[in-house]
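Architecture at a glance
Here is how the chains run, residue by residue.
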Amino acid sequence: MCRRNPVVLLALVACTWMSASVAGPEKTVEPNAAYEHCLASVKRDPARGLNEAEQWSNERGGAASLHCAALALVELRRYGEAAQALENTARITAGLAARAEIFDQEGNAWLLAGDSSKAEAALGDALALAPKDEDILEDRARARGAAKNWRGAYEDLTAVLALDPDRADVYVLRASALHAEGRKQEARADISHALAIYPGYPEALVERGTMRLESGDIAGARADWKEATREAPGSDAGQAARAGLEQLPAAAIKKPH
């Protein structure tokens, strides 16, 4: 899985962006040869692709040219400009589903730019068009988590689970929100739900290890993190688990919180 969150709710926003837009941008606008040519240019050389997209936009390229330019801006890490370009794209895009997707992309771009307030606003626009879209709800939870609005994040993630109760990744995210609010027993219950759905889920093991260490259960934390490294050695969860294991000798001499 692309997503993980052992400590805070804002987890791998770039990964969210990649899955939402770069991996499938042709879903958001009417595909045509000019659009595909522009995307190919962006992949080869983002700066040149941006120039081509802007020139095409000046020639009335419409939503397709604006979207291509936005993707180029993301590749160039000009996230705030990309977000604004995506908002402009959404405003002139036909079709509610396509507009919702582009507003979702805008929200993720604002997260990459570090502006959680604008991210939440954009994702709210997306949800106004697609109120039961699980991915958009999850993305807004991340935006709310970035702003430390744990209650709002919890509500969005609970809404996702009402739509699909088998989302182990969402249980892990909700556990993070609950843990941040100090609702530790409920957080542990969510991690247990995640592991019941997906035994050996590395992200859940990393989070549970963190909780166990916090409660003074060093052996339990070590066991969870070792299992996470075995399950997914090259993943972000595996790296987080290894980092936790490396800290255990120092943690062992500290009093538990």
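The rules behind each value
Residues numbered from 1 in each chain as written. Predicted model: local features only at pLDDT ≥ 70, side-chain atom pairs only at ≥ 80, totals over all residues. Heavy atoms only, no water. Disulfide = S-S within 2.5 Å. Helix = DSSP H or I, 4+ residues; strand = E, 2+ residues; numbered from the N terminus. Buried < 20%, exposed > 50% of the residue type's maximum accessible area, 1.4 Å probe, protein only. Core = buried A, V, L, I, M, F, W, Y, C linked by side-chain atoms within 4.5 Å. Contact = heavy atoms within 4.5 Å. pLDDT = per-residue confidence, 0-100. Expected span 1.5 Å × (residues − 1). Arc of directions from axis to C-beta.

1. Some remarks on the state of the cysteines
With the rule as written, the count across this model stands at one disulfide. Between the sulfur atoms of C38 and its disulfide mate C68 the distance is 2.0 Å. Judged by the torsion about the S-S bond (-100°), the C38/C68 disulfide is left-handed. Of the two residues, C38 is situated in helix α2 (residues 33-44) and C68 in helix α4 (residues 62-75); the sequence distance between them amounts to 30 residues. Judged on exposure class, the residue C38 and its partner C68 are both buried.

2. Section: the nonpolar core
Counting residues in hydrophobic clusters, the biggest one holds 65 residues, and the most contacted among them are C68, I136, I191 and A204. If we ignore the near neighbours within four places in the chain, the residues touching C68 are Y35, C38, L39, V42 and A53.

3. Brief notes about the confidence of the model for the chain
Confidence along the chain averages 86 in pLDDT terms, with 84% of residues attaining 70 or more. Contacts of residues 1-27 to residues separated by more than four positions or lying in other chains number 80 contacts, the stretch itself having pLDDT below 50. Below pLDDT 50 for its whole length, residues 253-257 participates in four contacts with residues either more than four positions away or in separate chains.

4. What about helix α11 (residues 184-197)?
Taking 1.5 Å of rise per residue, 14 residues should cover 20 Å, and α11 covers 20 Å from first to last C-alpha, within 8% of that figure. Three or more residues of α11 are buried, namely A187, D190, I191, A194 and L195. End-on, the buried residues of α11 take up no more than an arc of 135°, which puts them together on one face. Exposed residues on α11 whose side chains face more than 90 degrees from its buried face are Q185 and A196. Close packing links the buried residues of α11 with α10 (168-180) and α12 (202-214).

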